[in-house]
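Chain by chain, the residues run as shown.
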Amino acid sequence: NIPAPDWQVVSAPAITNQGLTCYFTVSRSEFRVWNGEVGTKGSYFDRRASANQRGFEAGFPRSTPGQTTVALSSDPVEPQIFNGVASKFFVSMDYQLNILWENPTFSTVMAEGRVSPDDERVYYAEQNGIMYSALTSDGTLNWEVPIGSFTYSEFSLSPDGDYLFYGDTLGNVVAWK
């Protein structure tokens, strides 16, 4: 018998590397990755992750997880990873989940971040209605804009990266340039 894991998956997986790499946000403000290898037993996802990141304080209560699927840069094998954590940070990690940078937030990030088509910027929104644009290289903020109301839903980025679209709790759909 395989013992039950001591964590729970809380988001949809982000899959890359032709289906061989799988990133998850799991309970306790933790991230896990499975890096498979073609044609080997390592190409199967099992209970043991290739790497995990537990370097974040838990939210309140302590079991509070990050809320969203991780956002990935366009590199299919070694992507840069972005996500909000329960301790009120938006973070960037390398493909093995080593922390590259952290930006503090005032409230929880409830929507998956979006990476620009050129991989130079990442956009994210806090639950309290503040939208951010940061450089993927070091987290430096390009801008921070209050968008008017609480944000719980996902948002979209146009294919050219010029527009952000989001829906708010007032029933509005907004486009930002």
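About the cut-offs
Residues numbered from 1 in each chain as written. Predicted model: local features only at pLDDT ≥ 70, side-chain atom pairs only at ≥ 80, totals over all residues. Heavy atoms only, no water. Pairing = 2+ DSSP bridges. Helix = DSSP H or I, 4+ residues; strand = E, 2+ residues; numbered from the N terminus. Buried < 20%, exposed > 50% of the residue type's maximum accessible area, 1.4 Å probe, protein only. Polar contact = N/O pair within 3.5 Å; in protein donor to acceptor, adjacent residues only side chain to side chain. Contact = heavy atoms within 4.5 Å.

## Regarding the sheet that holds strand β11 (residues 130-135)
In step 1: Taken together, four strands build an open sheet; the order of strands is β9-β10-β11-β12 and the sheet is antiparallel. Two strands lie at the open edges of the sheet, namely β9 (114-115) and β12 (141-146), each paired on one side alone.
In step 2: With five bridges connecting them, strand β10 (residues 121-125) and β11 associate as antiparallel partners. In the sheet register, arginine 121 faces β11, and the bridge partner there is leucine 135.

## Regarding the pairing of strand β15 (residues 173-176)
In step 1: Looking at chain direction, strand β14 (residues 164-167) and β15 are connected through four bridges and run antiparallel. Paired with leucine 164 across the bridge in β15 is tryptophan 176.
In step 2: Between the end of β14 and the start of β15, which pair antiparallel, lie five residues, with glycine 171 showing a positive phi angle near 90°.

## Brief notes about the side chain of threonine 69
In step 1: By the secondary structure assignment, threonine 69 is in the loop between β4 (51-53) and β5 (71-72).
In step 2: With relative accessibility at 16%, the residue threonine 69 sits in the buried group.
In step 3: Here alanine 12 takes part through its backbone oxygen, which lies 3.1 Å from a polar atom of the side chain of threonine 69.
In step 4: Each residue touching threonine 69, except ones within four places of it in the same chain, is listed here: Ser11, Ala12, Pro13, Ala14, Asn83 and Glu112.

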